[in-house]
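# A closer look at the structure
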Amino acid sequence: MICQGNGFIKKFNVQGRNFSHAGIVSTKIKEILEEIGIAPAIIRRAAIASYEAEMNIVMYADHAEVILCLSLSAINITFKDKGQGINNIELAMQEGYSTATDEMREMGFGAGLGLPNIKRNADKLDISSSPGKGTTLDVTFYLNGKK
Amino acid sequence: MKLKEIKEILEADLICGENYLDVEIECAGGSDLMSDVLAFGQPGLLLLTGLSNIQTVRTADIIGANAVIYVRGKKPDSNGIELAGQKNIPLLSTKFMMYKACGLLYNHGLAGVERTIKT
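Residues numbered from 1 in each chain as written. Chains lettered and ligands numbered in written order. Predicted model: local features only at pLDDT ≥ 70, side-chain atom pairs only at ≥ 80, totals over all residues. Heavy atoms only, no water.

Grouped together as the largest cluster of nonpolar side chains are 63 residues, with contacts concentrated most on Val66, Ile75, Val139 and Phe141 of chain A. The biggest single contributor to this core is helix H2 (residues 40–60) of chain A, with 13 residues. The contact partners of Val66 of chain A, leaving out residues within four places of it in the chain, are Lys10, Lys11, Phe12, Val14, Val25, Ile29, Ile57, Ile77, Thr78 and Phe79 of chain A. By size, the runner-up hydrophobic cluster in this structure holds 20 residues, among which are Leu3, Ile6, Leu21 and Ala101 of chain B. (Core = buried A, V, L, I, M, F, W, Y, C linked by side-chain atoms within 4.5 Å. Buried < 20%, exposed > 50% of the residue type's maximum accessible area, 1.4 Å probe, protein only. Helix = DSSP H or I, 4+ residues; strand = E, 2+ residues; numbered from the N terminus. Contact = heavy atoms within 4.5 Å.)

Further remarks concern the pattern of salt bridges. Residue and element names in this part refer to chain A. Summed over all chains, the structure comprises eleven salt bridges over all chains. Taking the shortest distance from any N to any O, the salt bridge between Glu95 and Arg120 comes out at 2.3 Å. Remark: Arg120 occurs in helix H5 (residues 114–121) and Glu95 occurs in the loop between helix H3 (89–92) and helix H4 (102–106); sequence separation between them is 25 residues. The class for Arg120 is partly exposed, based on a relative accessible area of 28%. A salt bridge links Asp126 to Lys124, with the nearest nitrogen and oxygen atoms 2.8 Å apart. Asp126 gets classed as partly exposed once you look at its relative accessible area, which sits at 36%. Overall, the relative accessible area of 36% leaves Lys124 in the partly exposed class. (Salt bridge = Lys/Arg side-chain N within 4 Å of Asp/Glu carboxyl O.)

Turning our attention to the sheet that holds strand E2 (residues 61–70) of chain A. Residue and element names in this part refer to chain A. Read across the open sheet, the five strands follow the order E1-E2-E3-E5-E4; overall the sheet is antiparallel. The open sheet terminates on both sides in strands that have one partner only, identified here as strand E1 (8–15) and strand E4 (124–130). Each neighbouring strand pair of the sheet contributes to a mean axis angle of 10 degrees, computed without reference to strand direction. As judged from the seven bridges shared by strand E3 (residues 74–83) and strand E5 (residues 134–142), these two strands associate in the antiparallel manner. When the sheet's bridge partners are listed, Ile75 is paired in E5 with Phe141. Most of the contacts of helix H1 (residues 24–36) go to E1, to which it runs at about 160 degrees, and overall it touches E1, E2 and E3. (Pairing = 2+ DSSP bridges. Axes fitted to C-alpha atoms, helices over the stretch in contact; angles between N-to-C directions.)

Right, let's talk about the sheet that holds strand E1 (residues 13–16) of chain B for a bit. Residue and element names in this part refer to chain B. Read from one edge to the other, the open sheet built from six strands follows the order E1-E5-E4-E3-E2-E6, with strand pairing classed as mixed. The strands lining the two open edges of the sheet, one partner per strand, are E1 and strand E6 (111–112). Taken together, the two bridges between strand E2 (residues 27–30) and E6 define a ladder with parallel strand orientation. Looking at E6, one finds that Cys27 is bridged to Ala111. Strand contacts of helix H5 (residues 98–107): E2, strand E3 (45–49) and E6, with the helix running at about 155 degrees to E3, the strand carrying the most contacts.

So, in structure tokens, the structure goes:
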């Protein structure tokens, strides 16, 4: 994380398998970034990456803690879930690879585009996962126009 | 093209957002797959979709879409309509199916999302 002990920090909880609430945290993060006055193009990338990560939590995890951390130089969002984890991260990063169920697809998700889309929108993405335990995504967006 | 012209072309019903009928729409995209919309959508988009759950409104908000049109006469439930009201996103519903709705708008000069997919 970029701004430990420094800057604005807000924590959220996401409940897994609760499709009707899926996206609420990302919407709140977007609202916070808008209130602070972050550049719209950066907000959009952060909102898309956050929403994709939140949908992954809802689809695959039991619950998760999301930590939004703002410093003068970057937005950092950490998604730490307890759930089934990812067996093969390299495979999961490939567009089109998916282990989604029919229920997930009926919601309009689970096309195997989530993680690649997070990577595309983020300036920096770190993934760590323990199969059977959970996954942590650490996503960073620089405010100084690096991307 | 203004949203009210799109409403006429598609003979669409306005579900909510009557104050936004003069919004200018510069491009449109049609998909039932919100994963695709998140990956390929762009700000100001008119989203045509046959999916009617609340995630369509959330996705529209996240990508900065200007409006959502539900095809095949579909409509979101009250939660979706309420969220659209909060996020100032007009929602419309047309009886036309996806192919015809998109075709009619394209014929009237409304461009699609400009993005080339690598194969």
